[in-house]
Amino acid sequence: MPRSLTGEHYHYYGICSTKLWYHHHRILYAQENEFVKLGKILSETAYSRDDNVAVGTSKFDLIRHPDEQTIEISEIKRSSTYQEADRLQLLHYLSLLAEAQSNGSDRELIGKLRYPRENTVVTIKWTDKTAVEYEEATAEILSAVSDECPSPERIPACRKCSMREFCFA
Ligand code: SF4
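Rules and cut-offs
Residues numbered from 1 in each chain as written. Predicted model: local features only at pLDDT ≥ 70, side-chain atom pairs only at ≥ 80, totals over all residues. Heavy atoms only, no water. Pairing = 2+ DSSP bridges. Helix = DSSP H or I, 4+ residues; strand = E, 2+ residues; numbered from the N terminus. Salt bridge = Lys/Arg side-chain N within 4 Å of Asp/Glu carboxyl O.

Draft legend 1. Representation of the pairing of strand β6 (residues 120-125) within the structure. Pairing of strand β5 (residues 108-115) with β6, which is carried by 6 bridges, proceeds in the antiparallel orientation. Bridging from a neighbouring strand, L113 pairs with V122 of β6. Taking the residues that link successive antiparallel strands as the turn, the β5-β6 hairpin has 4 residues, and the phi of N119 there is positive, at about 55°.

Draft legend 2. The pattern of salt bridges, seen in detail. For the coordinates displayed, the defined rule picks out 6 salt bridges. A salt bridge links E72 to K112; its shortest N-O distance comes to 4.0 Å. Highlighted residues: E72 in strand β4 (residues 70-76) and K112 in strand β5, separated in sequence by 40 residues. The partner of R87 in a salt bridge is E84, with the nearest N and O atoms 3.6 Å apart. A residue pair is termed a helical-turn pair when its members lie 3 or 4 positions apart in one helix, as R87 and E84 do in helix α4 (residues 83-100) at 3 residues. Overlapping salt bridges bring together E72, K112 and R114 as one network.

Any functional reading would require information that these geometric values do not contain.
Structure, rendered in structure tokens:
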């Protein structure tokens, strides 16, 4: 039985299936290279936080209640290079919120990808359409991690990947 999927599963799924597999099978260690450290520093300093929230193993960067009808969460990133992967990660967090409120309120759920270095914010709403997209990604992730480890292929993401030496030693 696969362990619970995390935001990282969705992020890695959007970047590299080998990295996704490493993560799921606990081969991907938290080898904090300079890029990861920089991202953490940025997320800690770029915004003053209204609140932090953890659901299961997931922790959102920032959560706001702009009005009574809306819950807004944010994911703060260093750059928009992997925006599609960022988007899938945020969809996962939105799905957790949707599940959490399925027996209670039906407030609109909005996710924001924030790229403070680029002065950019991308808004994603949790809708029937994004829910289907999320379900499809989930099915593909579960299939990928239950299969053999995909052979590493050199892609642009390898340049900044902490698993570079592991893949191409
Ligand atoms: S080094 Fe490249 S192929 Fe290997 S896990 Fe990282 S991104 Fe994937």
